[in-house]
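# Observations on chain architecture
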Amino acid sequence: MDIKRVMTDVLEDLVDKELRQFIWQLWNGVTAGTEPIPRAKLQTSDREDVVDCMVKQYPDDAGKIAVQALHNMKQNELARRLELKLQEVQQPVQENAKNAPESMELQPIQSDWHRPYRITACSQQFKYSLLKQERNDVYMPSSSSWRKGSALLINNIKFDHLSYRNGAEIDEENMEWLLRALGYSVEKHTNLSGDAINRAVKNFSKRHEHQNSDSTFVVIMSHGDRFDNKDAILGVHYQRKNPNDIFFVEDIFTHLNSVNCPALIDKPKVILIHACRGGDDGGVYVCDSAFESDAWVHKEKDFVCFMSSLPDVYAYRNPHNGSYFFNYIVDVFSTSAYIYDIMELFRRIALRMEIDPHFRDKKKLLPCIERTTLVKKFYLFPGLM
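Below is a short write-up of the structure. Note that the structure is a prediction, hence the values are computed from the model and not measured. In this convention, every chain numbers its residues from 1, walking through the sequence in written order. Local features are withheld for residues below a pLDDT of 70 in this predicted model, meaning they are given only at 70 or higher, and side-chain atom pairs are given and counted only at 80 or more; totals for whole chains, interfaces and linings count all residues. Side-chain metrics rest on all non-hydrogen atoms present in the structure, leaving aside hydrogens and water.

Glancing now at the sheet that holds strand β5 (residues 230–234). Two strands pair if DSSP finds at least two bridges between them. Starting at the N terminus, helices and strands are each numbered in turn, a helix being any DSSP run of H or I of at least four residues and a strand any DSSP run of E of at least two. Taken together, three strands build an open sheet; the order of strands is β4-β5-β6 and the sheet is antiparallel. Every interior strand has two partners, whereas the edge strands, β4 (224–227) and β6 (246–248), have only one. Taken pair by pair, the neighbouring strands of this sheet meet at an average axis angle of 40 degrees, ignoring direction. In the sheet, β4 pairs with β5 via four bridges, with the strands oriented antiparallel. Bridging from a neighbouring strand, Gly224 pairs with Ile233 of β5. When checking whether two residues touch, look at their non-hydrogen atoms; a contact exists if any pair is within 4.5 Å. Geometry is summarised by axes, namely lines fitted to C-alpha atoms with helices restricted to the contacting stretch, and by angles between N-to-C directions that run from 0 to 180 degrees. Where helix α8 (residues 194–205) meets the sheet, its contacts fall on β5 and β6, and the angle it forms with β6 comes to roughly 40 degrees.

Turning next to the pattern of salt bridges. Think of a salt bridge as a Lys or Arg side-chain nitrogen and an Asp or Glu carboxyl oxygen that are within 4 Å of each other. The tally for this structure, following the rule as stated, stands at 21 salt bridges. The partner of Arg5 in a salt bridge is Asp9, and the shortest N-O contact between them spans 3.5 Å. Of this pair, Arg5 and Asp9 both sit in helix α1 (residues 3–11), four residues apart, roughly one helical turn. Close ionic contact of Arg277 with Asp231 constitutes a salt bridge, the shortest N to O distance being 2.8 Å. One end of the pair, Arg277, is in the loop between β7 (269–274) and β8 (303–307); the other, Asp231, is in strand β5, with 46 residues separating them in the sequence. Exposed residues in this analysis have more than 50% of their type's maximum accessible area, buried residues have under 20%, and partly exposed residues fall in between, with area computed by a 1.4 Å probe over protein chains only. Residue class for Asp231 comes out buried when judged on its relative accessible area of 13%.

As a further point, take unusual backbone geometry. Phi at Lys74 is positive, roughly 70 degrees, even though this residue is not glycine. The topology assignment puts Lys74 in the loop between α4 (62–72) and α5 (76–95). A positive phi angle, close to 65 degrees, is found at Asn229, a residue other than glycine. Note that Asn229 resides in the loop between β4 and β5.

Structurally, Glu187 is set in strand β2 (residues 184–190). According to the relative accessible area criterion, Glu187 is buried, its value standing at 18%. Whenever a nitrogen or oxygen atom comes within 3.5 Å of another N or O atom, the pair is scored as a polar contact, on the condition that within protein one atom can donate a hydrogen and the other can accept it, and that pairs from neighbouring residues in sequence are kept only if both atoms are in side chains. Here the side chain of Glu187 touches His189 through a polar contact of 2.7 Å, side chain to side chain.

A separate point is the sheet that holds β8. Taken in spatial order, the six strands make up an open sheet running β2-β1-β3-β7-β8-β11, and their pairing is mixed. What marks the edges here is a single partner per strand, and that holds for β2 and β11 (368–370). Each neighbouring strand pair of the sheet contributes to a mean axis angle of 15 degrees, computed without reference to strand direction. Note: strand β3 (residues 216–221) against β7, six bridges, orientation parallel. Following the sheet pairing, Val218 is matched in β7 by Ile271. Sheet strands touched by α8: β1 (149–155), β2 and β3. Its angle to β1, the strand with the most contacts, is close to 175 degrees.

With that out of the way, let us pick up the nonpolar core. Remark: nonpolar core denotes a set of buried residues (Ala, Val, Leu, Ile, Met, Phe, Trp, Tyr, Cys) joined through side-chain atoms within 4.5 Å. Within the largest apolar cluster, 52 residues are counted, with the highest numbers of intra-cluster contacts made by Met175, Phe217, Leu272, Ile329 and Phe333. Of all the elements, helix α10 (residues 324–336) adds the most residues to this core, at eight residues. With 28 residues, the next largest nonpolar core counts Ile23, Ala79, Leu82 and Leu86 among its residues.

Written out as structure tokens, the structure reads:
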């Protein structure tokens, strides 16, 4: 039995009023990041026509979207039945995904790149099998969590004495879309001083939502530099003659560590930063010569910090499309987070940026994983709660 028949059989159990509710979900976008189906294409009460339209609009995700729409309608029994039937017909495809040949997904982003319309959702079968087979090597989702978690997004665009960060608005829009599509609520701040960034991160660490979350993201975009061999985010009032308006990246780890944020103990804390780490262009000429008890925990653990460039290197940003760093993050997470853990996603981002023709000559840009203490694999399971 194919996917279309499975979906049609389940929709037959909806009365006409319920089918209209289902179609309304498709009109309005079932989940964050899901492109709605135009009303003109769904002027029908025929189940087969609805399914045909869904498969045409969402060729890879029609079944998952139907399941989520039923959940949104509180038709949980029907959603579960559809999910189980879909697993029977989809399982071979998902199980072989890791062994499929790598093609365009590991190529550089094209000049006409646009944010994907949706994020590829993970299947319940893949999640169940992975957690069963590798439960000791994977961060286990919290059964009590009502969402993936909260995310903090800080974007400094306009400065008193430094250049305007053209394209940063696009980065903010893209990253907010990605975080919400992954299931996170997003707290946003714009144009903060160094002290205000410190307060925002500190206050974020105290949010009660962390208690019932699975993980968290902290995303910061700004001008940056290095002082005394330490990475610093520049506040909007920073000036070179009086360089006091800064926030040190290492303070993020302090605010979110086990002492100051016990609600996030044993939970992944992902830090993404786009900021210069110096003024070098990244190119160089090389001459070729031939826990014992619950009360005792690690002070700092389960962090991963992914930065837009190597130490002392400038971070490039396209004024029209946003930063290369966040474009690659959005693209790779949207297409591959359904099957790979976060460290593999970061590797793929670095691989694609390493061969990006924009950095073919003197200027080089390679993202850098810093101060990482993840002890297990962190899967995001997009599309699943």
